[in-house]
Amino acid sequence: MNQILYMNNQKKKGGPLELKTIFLIFAILFILFGLILAVVACFTIIKDKQENETIPVVEILPEGAMLKLKITHDKIIDKVVYSWNQNTETVLQGMGRLEIEENISMPKGTNNFVLKVTDINNKTTTYQNTYTLPEGDVTEPEIELLVEGSKIKIVAKDETEIDYITYYWNEEDETTVQVREDSPKQIEEKIDILKGENTLNIVAVDKAGNETTKEQIFKGVKKPKIALEKKDNNLIITITDEEGIQKVEYTLNGVDYSTDPQNTGKPLNRKEFKITQPLAQGENKITIRAYNISGLQEETSGEATI
């Protein structure tokens, strides 16, 4: 009997994948993973580049005949270059700074100001603007206050010609000082510092009418007082001060004495201090210097004969 053989060539569903298919899937996944890494890397590079491209902050404020320039940056400033009307350039070296301030003189009339700031990464940022300085004197006077002992020295200056100054303490009446003919650009005046804490107000005016005002608080103190009294063969030295005595020094017949011989800076913390100093036979010469805690000094000299 003949046997009929039946062969089914159809593939069974759900069987294992062929190796080619597996390799293809892995290749596709590998490519996708590489693309993701590339996108992340590009995003990081772009972000870092944007962060590294921060620009300096520039403030330019016209004041009279000057431009007040202030530059701040989060990176070290290598140099600053500026010019008027693209003529001669002036270079300011950064010297490792993150902030630069400069006062720049303005030429008369209308002029174009160009400023270039270069940082340590050689990134240059350019700014420009037009500024107008009217003809004539537009510069305000300058006021300087100097403390000299128990007095204040007021110094008012102008580059062209000063006219007068006025000053007053607190709410008191003002005093006016006119310029002298032999000093047309400067006025100097010395005034006593009032006792206690007081506010001094000064106004300086030049011939063109430009005006500067200054206000400053001063704490007035007096110098120490020195009293000498000869008693028997001794010299009684009495030092008094309203604020407090820092130290006392004196020289008797060429010999130096001090309450702080090691210069420790430690104050006596007393408002009155007495010294009984024996005197030698014959003529005695003495010079006493007393210092208070505010830094004021008083000196006196005397002679005593035994």
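Predicted, not measured: the structure shown is a model, and the values here were computed from it. (Residues numbered from 1 in each chain as written. Predicted model: local features only at pLDDT ≥ 70, side-chain atom pairs only at ≥ 80, totals over all residues. Heavy atoms only, no water.)

All right, on to the overall build of the chain then. If you tally the helices and strands in the chain, you get one helix and 20 strands. Split into buried and exposed, the 306 residues of the chain put 31% on the buried side. Of all intrachain contacts in the chain linking residues separated by at least 6 positions in sequence, the fraction that spans at least 24 positions is 56%. As presented, the chain carries roughly 20,800 Å² of accessible surface, and 51% of it is formed by carbon and sulfur atoms. (Helix = DSSP H or I, 4+ residues; strand = E, 2+ residues; numbered from the N terminus. Buried < 20%, exposed > 50% of the residue type's maximum accessible area, 1.4 Å probe, protein only. Contact = heavy atoms within 4.5 Å. Areas by Shrake-Rupley, 256 points an atom, 1.4 Å probe, with all protein chains shown as cover.)

The three strands lie next to each other as β8-β9-β12, forming an open sheet whose pairing is antiparallel. Two strands bound the open sheet, and with one partner strand each, they are β8 (142-148) and β12 (186-192). Strand after strand, the sheet turns through a mean of 20° between neighbouring axes, direction not considered. Where strand β9 (residues 151-157) and β12 come together, seven bridges link them in antiparallel fashion. Bridge assignment links Ile152 to a residue of β12, and that residue is Ile191. (Pairing = 2+ DSSP bridges. Axes fitted to C-alpha atoms, helices over the stretch in contact; angles between N-to-C directions.)

We now examine the pairing of strand β11 (residues 175-178). Note that strand β10 (residues 162-169) and β11 share four bridges and pair antiparallel. Bridged to Ile165 within β11 is Val177. Where β10 folds back on β11, the antiparallel hairpin that results is connected by five residues, among which Asn170 adopts a positive phi of roughly 50°.

Let us now look at the sheet that holds strand β13 (residues 196-206). Within the open sheet, the four strands sit side by side as β11-β10-β13-β14. Their pairing is antiparallel. Only two strands of the sheet have a single neighbouring strand rather than two, namely β11 and β14 (211-220). Here the strands of the sheet are splayed against their neighbours by 20° on average, with no regard to which way each runs.

Once that is clear, we can look at the environment of Ile162. Inspection of the secondary structure assignment puts Ile162 in strand β10. Classification of Ile162 by relative accessible area gives buried; the value is 0%. In the structure, Ile162 is positioned 21 residues away from Pro141 in sequence and 7.3 Å away in space, judged by C-alpha atoms. Ignoring any residue separated from it by four or fewer positions in sequence, one finds Ile162 in contact with Pro141, Ala156, Lys157, Val179, Pro184, Lys185, Gln186, Ile187, Ala204, Val205, Asp206 and Lys207.

Another aspect to go through is the environment of Gln178. As for its position among the elements, Gln178 is in strand β11. In sequence terms Gln178 and Asp163 are 15 residues apart; their C-alpha atoms lie 6.3 Å from each other. Setting aside chain neighbours within four positions, we find Gln178 in contact with Asp163, Tyr164 and Ile187.

Structurally, Ala280 is set in the loop between β18 (270-278) and β19 (283-292). Relative accessible area serves as the criterion here: at 39%, Ala280 is assigned to the partly exposed category. As a C-alpha pair, Ala280 and Leu252 span 28 residues in sequence and 9.7 Å in three-dimensional space. The contact partners of Ala280, leaving out residues within four places of it in the chain, are Asn253 and Ile306.

Here we come to the side chain of Thr251. Tracing the sequence through the fold places Thr251 in strand β16 (residues 234-252). A polar contact of 2.7 Å, which involves the side chain of Thr251, links it to the side chain of Asp256. With residues up to four places along the chain from it excluded, the contact list for Thr251 reads Asp256, Lys285, Ile286, Thr287 and Arg289. (Polar contact = N/O pair within 3.5 Å; in protein donor to acceptor, adjacent residues only side chain to side chain.)

Moving on, we come to the packing of aromatic side chains. Scanning the model with the defined rule gives six aromatic pairs in all. Summarising the aromatic geometry, the rings of Trp84 and Phe113 are spaced 4.9 Å apart at their centres and angled 50° between planes, so their arrangement reads as tilted. Of this pair, Trp84 sits in strand β3 (residues 77-84) while Phe113 sits in strand β6 (residues 109-119), and the two are 29 residues apart along the sequence. There is no split in this pair, since Trp84 and Phe113 are both buried. Ring centres of Tyr250 and Tyr257 lie 4.8 Å apart, and the angle between their planes is 15°; this geometry places the pair in the stacked category. (Phe/Tyr/Trp six-rings, centres within 6.5 Å; stacked < 30°, edge-to-face > 60°.)

The predicted model of the chain has a mean per-residue pLDDT of 86, with 86% of residues at 70 or higher. Contacts from residues 1-15, a stretch scored under 50 in pLDDT, to residues over four places away or in other chains number one contact. (pLDDT = per-residue confidence, 0-100.)

Turning our attention to the pattern of salt bridges. By the definition in use, this model includes nine salt bridges. Here Asp192 makes a salt bridge to Lys151, at a shortest N to O gap of 2.4 Å. Here Asp192, found in strand β12, pairs with Lys151, found in strand β9; they are 41 residues apart in sequence, far enough to count as distant. Classification of Asp192 by relative accessible area gives partly exposed; the value is 45%. The partner of Glu242 in a salt bridge is Lys195, with the nearest N and O atoms 3.3 Å apart. You can see Glu242 sitting in strand β16 and its partner Lys195 sitting in the loop between β12 and β13, a full 47 residues away along the chain. For Lys195, a relative accessible area of 56% corresponds to the exposed category. One network of salt bridges, with partners in common, ties together Lys247, Glu249 and Arg289. (Salt bridge = Lys/Arg side-chain N within 4 Å of Asp/Glu carboxyl O.)

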